Amino acid sequence: RHLPDLYHTKYERGSNWSDPEVAELLQLWSDESVQLELESCLRNQHVFNRIADVLRENGIYRTGDQCREKIKKMKLEYRRIKDNHRMIRGGSPPSGADAYTHGLPGGAFGSTASGGFLFGHPPRLGELLEIKCEHAESEDGLLNSDAAPPELLYHTGSGDEHDTDGKSAGLDQEDPVEMARGERTTCARFSPSGFSDQNQAGSSGTGASIAGPDGRDTGNQRDPEGSRPAAPVRQRKRRRAGRGALVSFLSWQRSAEERLISLEEARLEREAQAEERREQKEERRAEQERQHELRLFSMFTGALAAVRQTAPTAPPVAPTFSTDSTVPSATSGHTAILNALSAPATSGAETPGHSVYLSRRGNSIRQHQGILQEGYTQYHADKYQHTDNPNGIINMGTSENKLCYDLLHKRMTQPDMLHIDPALLQYPDWKGHRFLREEVSRFLSHYCGSPRPLRADNVVVMNGCGSLFSSIAAVLCDPEDAILIPTPFYGVITEDVHLYSGVRLFHVHLDCEPSGSGSRPFHLTVDKLEEAMRKAISEGLNVRAMVLVNPHNPLADVYSPQEMTGFLEFAKRHKLHAIVDEVYMLTVFEDTVTFHSVLSMDSLPDPQRTHVMWGMSKDFAMAGVRVGTVYSDNRDLVEALDKLGMFHGVPGPIQHQMAILLQDKDWINGKFLPENRLRMQAAHRYMTGELQSMGVPYLHRPAGFYIWADLRKYLYEPSFVEELSLWRCFLRHKVVLSCGQAFHCSTPGWFRIVFTDRQQHLTLGMQRIRRALEEIDGATSTLDTGTTNEATEEKGTEKTTQGDTTDAHKPLAVKSTSLSKNRSSEEPEEKDNNIPDAIPLVSEDFILLDCQTSHPAESLDSLIGALRQQIHTSDWLEKNTPELSAGEDPELLDVFKDLLDRARK
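Residues numbered from 1 in each chain as written. Predicted model: local features only at pLDDT ≥ 70, side-chain atom pairs only at ≥ 80, totals over all residues. Heavy atoms only, no water.

J.: Please give an account of the overall build of the chain that cites residues and values.
T.: For the chain, the count of helices and strands is 33 helices and twelve strands. Across the 905 residues in the chain, those meeting the buried criterion constitute 47%. Contacts in the chain between residues at least 24 apart in sequence constitute 75% of all its contacts with a sequence separation of at least 6. Accessible surface, the chain as shown: approximately 45,600 Å² in total, 52% of it carbon and sulfur. (Helix = DSSP H or I, 4+ residues; strand = E, 2+ residues; numbered from the N terminus. Buried < 20%, exposed > 50% of the residue type's maximum accessible area, 1.4 Å probe, protein only. Contact = heavy atoms within 4.5 Å. Areas by Shrake-Rupley, 256 points an atom, 1.4 Å probe, with all protein chains shown as cover.)

J.: How would you summarise the sheet that holds strand 9 (residues 706–710) if you had to cite specific residues and measurements?
T.: Pairing within the open sheet is antiparallel, and its three strands lie in the order 9-12-11. Two strands close off the open sheet at either side, each with one partner strand: strand 9 and strand 11 (738–739). Judged from the five bridges that link them, strand 9 and strand 12 (residues 750–754) form a sheet pairing that is antiparallel. Bridge pairing in strand 12 links Ile707 to Ile753. Contacts from helix 26 (residues 720–732) reach strand 11 and strand 12 within the one sheet, and its direction differs from that of strand 12 by about 30 degrees. (Pairing = 2+ DSSP bridges. Axes fitted to C-alpha atoms, helices over the stretch in contact; angles between N-to-C directions.)

J.: So, the pattern of salt bridges: which residues are in play, and what are the values?
T.: Tallying each qualifying case throughout the model produces 31 salt bridges. Ionic pairing is found between Asp416 and Arg411, a salt bridge with its closest N-O pair at 2.9 Å. Note on Arg411: relative accessible area 8%, which makes it buried. A salt bridge links Arg520 to Asp557, with the shortest nitrogen-to-oxygen separation between them at 3.8 Å. In this pair, Arg520 is assigned in the loop between strand 4 (504–509) and helix 20 (526–538) and Asp557 in the loop between strand 5 (543–549) and helix 21 (561–573), connecting sequence segments 37 residues apart. Under the relative-accessibility criterion, Asp557 is labelled buried at 3%. Several salt bridges share partner residues, and in doing so they unite Asp65, Arg68, Glu69 and Lys72 into one network. (Salt bridge = Lys/Arg side-chain N within 4 Å of Asp/Glu carboxyl O.)

J.: Could you give an account of helix 17 (residues 434–447), with specific residues and numbers?
T.: In a regular helix each residue adds 1.5 Å, so 14 residues correspond to 20 Å; helix 17 covers 20 Å between its end C-alpha atoms and thus fits that length. Of all the residues in helix 17, the buried ones are Leu436, Arg437, Glu439, Val440, Ser441, Phe443, Leu444, Ser445 and Tyr447. In this structure, the buried side of helix 17 is in contact with strand 2 (459–462), strand 7 (610–615), strand 8 (628–632), helix 24 (652–663) and helix 25 (665–693). Phi turns positive one or two residues past the end of helix 17, at Gly449, with a value near 70 degrees. (Expected span 1.5 Å × (residues − 1).)

J.: Describe in detail the sheet that holds strand 2, supporting the description with residues and values.
T.: Judged by pairing direction, the sheet is mixed, and its seven strands sit side by side in the order 2-8-7-6-5-3-4 without closing on themselves. This sheet does not close on itself; its edge strands, each paired only once, are strand 2 and strand 4. The mean angle between the axes of side-by-side strands here comes to 25 degrees, regardless of whether they run parallel or antiparallel. Relative to strand 8, strand 7 is paired through five bridges, and the arrangement is antiparallel. For Trp614, the partnering residue across the bridge sits in strand 8 and is Thr629.

J.: Describe in detail the environment of Leu548, supporting the description with residues and values.
T.: Among the structural elements, Leu548 can be located in strand 5. Considered as a pair, Leu548 and Val580 are 32 residues apart in the sequence and their alpha carbons are 4.8 Å apart. In this structure, Leu548 is in contact with Leu524, Met564, Phe567, Ile579, Val580 and Asp581, ignoring residues within four places of it in sequence.

J.: Before we move on, can you summarise the environment of Lys665 with the specific residues and values?
T.: Relative to the helices and strands, Lys665 resides in helix 25. By relative accessible area, Lys665 is classed as partly exposed at 24%. Those residues within four positions of Lys665 in sequence are excluded, and the remaining contacts are Tyr447 and Gly670. In terms of polar contacts, Lys665 uses its side chain to reach the backbone carbonyl oxygen of Leu662, at 3.0 Å. (Polar contact = N/O pair within 3.5 Å; in protein donor to acceptor, adjacent residues only side chain to side chain.)

J.: Give a description of the UniProt feature "coiled-coil region" (unreviewed entry) in the chain that names residues and reports values.
T.: In this numbering, the UniProt entry assigns the feature "coiled-coil region" (unreviewed entry) to residues 263–292. The straight-line gap between the two end C-alpha atoms of residues 263–292 is 44 Å; of that span, 100% is helix and 0% is strand. (UniProt positions renumbered as here; feature names shortened; annotations may be inferred.)

J.: Describe in detail the environment of Arg50, supporting the description with residues and values.
T.: Secondary-structure assignment places Arg50 in helix 4 (residues 45–57). Owing to a relative accessible area of 41%, Arg50 belongs among the partly exposed residues under this scheme. In the structure, Arg50 is positioned 22 residues away from Leu28 in sequence and 9.9 Å away in space, judged by C-alpha atoms.

J.: Tell me what's going on with the packing of helix 2 (residues 19–29) against helix 4, and back it up with residues and numbers.
T.: Where helix 2 meets helix 4, the axes come as close as 10 Å, and the angle between the chain directions of the two elements is 130 degrees. With respect to helix 4, the axis of helix 2 lies oblique. Note that helix 2 runs across helix 4; the crossing there is right-handed. Facing helix 2, whose interface residues are Glu24, Leu25, Leu28 and Trp29, helix 4 presents Phe48, Ile51, Val54 and Leu55. A per-class count over the contact of helix 2 with helix 4 returns seven nonpolar, no polar and one charged. (Parallel < 35°, antiparallel > 145°, perpendicular 65-115°, else oblique. Left-handed = near helix turned anticlockwise from the far one by under 90°. Nonpolar A, V, L, I, M, F, W, Y, C, P; charged D, E, K, R; others polar.)

J.: For a nonpolar patch on the surface, give the residues involved together with the corresponding values.
T.: Together, Tyr427, Trp430, Met646 and Phe647 line one region of the surface with nonpolar side chains, adding up to about 530 Å² of accessible area. Tracing the chain through its elements places Phe647 in the loop between helix 23 (635–644) and helix 24. (Patch = residues over 30% accessible without salt bridge, like charges linked within 9 Å, V, L, I, M, F, W, Y side chains within 5 Å.)

J.: Before we move on, could you go through the packing of helix 20 against helix 21 and cite the residues and values that matter?
T.: It is at 10 Å that the axes of helix 20 and helix 21 come closest, and there the two elements cross at 25 degrees. Taken together, helix 20 and helix 21 sit at an angle that is classed as roughly parallel. Once helix 20 is placed against helix 21, the crossing between them reads as right-handed. Contact residues: Val526, Leu529, Glu530 and Met533 in helix 20; Gly566, Phe567, Phe570 and Arg573 in helix 21. In terms of residue class, the contact of helix 20 with helix 21 is made up of five nonpolar, one polar and two charged.

J.: Just give me the short version of helix 25, but keep the residues and values in it.
T.: In this model helix 25 runs 40 Å from its N-terminal to its C-terminal C-alpha over 29 residues, within 8% of the 42 Å that 1.5 Å per residue would give. Residue Phe672 marks the point of greatest curvature in helix 25, where the axis turns by about 30 degrees; the proline Pro674 follows within four residues. Of the residues trailing helix 25, Gly695 is marked for its positive phi of about 75 degrees. (Bend = angle between axes of the 7 residues up to and from the residue.)

J.: Tell me what's going on with the packing of aromatic side chains, and back it up with residues and numbers.
T.: Under the definition given, this model contains 18 aromatic pairs. Ring centres of Phe620 and Phe672 lie 5.6 Å apart, and the angle between their planes is 10 degrees; on these two criteria the pair is classed as stacked. Of this pair, Phe620 sits in the loop between helix 22 (616–619) and strand 8 while Phe672 sits in helix 25; the two residues are 52 residues apart in sequence, bridging distant segments of the chain. One exposure class covers both Phe620 and Phe672, and it is buried. Centroid distance Phe730 to Phe751: 5.7 Å. Interplanar angle 85 degrees. Geometry classified as edge-to-face. Taken together, the residues span a long stretch of sequence, with Phe730 in helix 26 and Phe751 in strand 12 at a distance of 21 residues. (Phe/Tyr/Trp six-rings, centres within 6.5 Å; stacked < 30°, edge-to-face > 60°.)

J.: Could you give me a rundown of the nonpolar core, with the residues and numbers involved?
T.: Met396, Phe443, Leu484, Phe620 and Phe730 are the most contacted members of the largest nonpolar core, which totals 146 residues. With eight residues, the single largest contributor to this core is helix 25. Those residues in contact with Phe620 that lie beyond four places of it in its chain are Leu408, Phe443, Trp614, Leu661, Leu662, Trp667, Ile668 and Phe672. One finds Val22, Leu38, Ile60 and Cys67 within the second-largest nonpolar core, a separate group that totals 16 residues. (Core = buried A, V, L, I, M, F, W, Y, C linked by side-chain atoms within 4.5 Å.)

J.: Pulling in residues and values, what's your account of the pairing of strand 7?
T.: Burial within strand 7 is extensive, with six of its six residues counted as buried. Burial along strand 7 is two-sided: Thr610, Val612 and Trp614 facing one way and His611, Met613 and Gly615 facing the other are all buried. Judged from the four bridges that link them, strand 6 (residues 577–581) and strand 7 form a sheet pairing that is parallel. Note on strand 7: the bridge partner recorded for Val580 is Val612.

J.: Can you lay out the side chain of Asn395 for me, pointing to particular residues and giving the numbers?
T.: Here Asn395 lies in strand 1 (residues 394–395). A distance of 2.9 Å separates a polar atom in the side chain of Asn395 from the backbone nitrogen of Gly397. Separated by 2.9 Å, the side chains of Asn395 and Thr398 make a polar contact. Ignoring any residue separated from it by four or fewer positions in sequence, one finds Asn395 in contact with Tyr376, Tyr379, Lys402, Val736 and Asp757.

J.: Account for unusual backbone geometry, naming residues and giving values.
T.: For the bond from Thr487 to Pro488, the omega torsion is 0 degrees, close enough to zero to count as cis. As for its placement among the helices and strands, Pro488 is situated in the loop between strand 3 (482–487) and helix 19 (492–498). In this structure, the amide linkage connecting Asn550 to the following residue, Pro551, adopts the cis form with an omega of -10 degrees. Here Pro551 shows up in the loop between strand 5 and helix 21. Positive phi, close to 75 degrees, is recorded for Glu480, a residue that is not glycine.

As structure tokens, then:
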């Protein structure tokens, strides 16, 4: 009597579910991950709460308790159906969806044959029977009761079965005694699942099986007392129906799996075909790009040869590029194309393209190139070694003193140099340790001849003079401000002040020819500074400072005190900071010349704007130690540099060693400086003798590690393209020099040759230089034989001009002998010789650096950038045909067609 109330009380929370809601709930609950979690936990309320959350997202508002009770109710119903209805008499076996949803429409989840599975995949064999029944079994009191509640009985049989049931019911009513006896007999026989036969019969709606008096099942035949059909008949029907259901299920599963496999195979085949088409498309595109680039380079190669044969000799004027954004003429455009084509050859590889990972400044730094850096990189990649690499490159371009390494090694390995104090391993004062700044101030006071002791508080120590240049430019100038600097000058200063700070250098061009009596080549005067200042102001530049290098690099000039005073007075008039680089002050090797530092002046014209730099790399031959100092009376500058010192600090042990070295006046004055001076004199004497024997003019100067040599006569024409070709000729002969354009020289043909190296390297290096110049002479003679009479007359005129130029070089202390005098006599002999390595100056490795101009070359840079981008674009030729350019510039169209025709020939 109490079971119906208990049932309604327990399961009311899971009722009133619609068919789509039940389908959605079953789809979530049957997920493999949900089933695994349910099986692995003791309490599963949190799982049903998550299922309820997903249902709410789909518009079905149920709680976790309702979901759980609904699942329990359906499992209970399924278990009762499985035990009480092992077969549906007279009907077809239930499908998997019917077993789960008892009463849902047949097409609620799609047809089974079409693959419309309930949970998105076909059920496995036995899956429908492996339903968790913990909760159902826990209700033993309800399920094993003597009689099932009427509301739990499902009648799914046919109409005939209902009639039969009605008849059986009538018979039962007619003979209640036999009915009771049959019920008692049936109740004594329980099914394996715990249900009685009476329960099975009652819940099926078709009557119960009753055993005969002899214990045999009478099947559908009625016993003598008019009872129900015998049980064996029903059992045989159940077995037949079960086999049919199993066969139907296996057939359905097989067809579903076959359809799924066919769909998967079709998908894989489509993906393979798409991948194959994509690869074929990429191969076609790559081949088109290769063909386009091949045609493009073929065209430019033909243009190079044609223009080189027909181009007239250009005057020796440094190229300057206008900032005008107008379209260049045909000739200027052609020159830009040649320069752009050869630009990547400078570093031996293509210029890096634009990177999306870097800023504009980062891309500019990454793409920056220079001849000094290129030569240094190639030298390190193929360095000369007497035994290991005898055919390697000899470096006569980097300004390093390699004459005194034995003296330095002996001194730097003394016990006082090996001291390590805990304070040296800690963060120092960013201006440098106090003990080092005190030693630097005492050293400069002594060797600079200061009239009063210099103060250690005015000294800043950083890791090299390059860092000092960069930091000083950052604190004195704003981006796009300008600094005056005479040319030629050490070209790396450009990177020092520009890469970090965006400061520009405005060039004060010096003429290589003396301008009158008392003048000298590349003579810097106050008038030239004033003229450059006026020009900079007219161009709208904000000039903030001026750089003076004394002794000079690369000229090796030593300025007198009167000249330096005039320069500092000029800076004071224009309120310019004077940055004086005296890093070569102890490299004066001639006794007749004395160096005078600006710190030796009794009073500076503008002490607050005068800043003196010095370092260990040149005077002490320690380029790898990286110690540079600046002295300034301007406390604001010192404090600003102190803030930047944390980025350019010197290690503590290195500071200790430098302080000990500067303290040792006996070693400096008694051993190092005298011996270093003698060795420099000997190396300089050997180098100048070799240059004189080859007839090479040069500037005879008493300081520095280098000689500024004039090789203009070896240029086919006075241009920076030919100068670079000559530089590459030296590089092919395994010797590195520094050409004039690397120092922003306004006149092509000048080279810096470093002589402070061991005698063996100097001898081999000069032999290679001699062979390179002889190769140039041979190539020039070969080209001269193929010229016309008119060209010969023009060449004679040019030789006359060169003769005049040679006369003008008399102040250079040059003895032109040997090679230059014998050129005409050697020409017939050289004509008969085949020189396989003789390459004309028309080289494929052309580059034109913007090192002669004091204003930006925006139009040229944009043209070069556009060309490089178009080279890597496969459809460039289609988009830039001569016909498309006809409307813009007919003259440019004609030149383009002419170049194209020559390239095709």
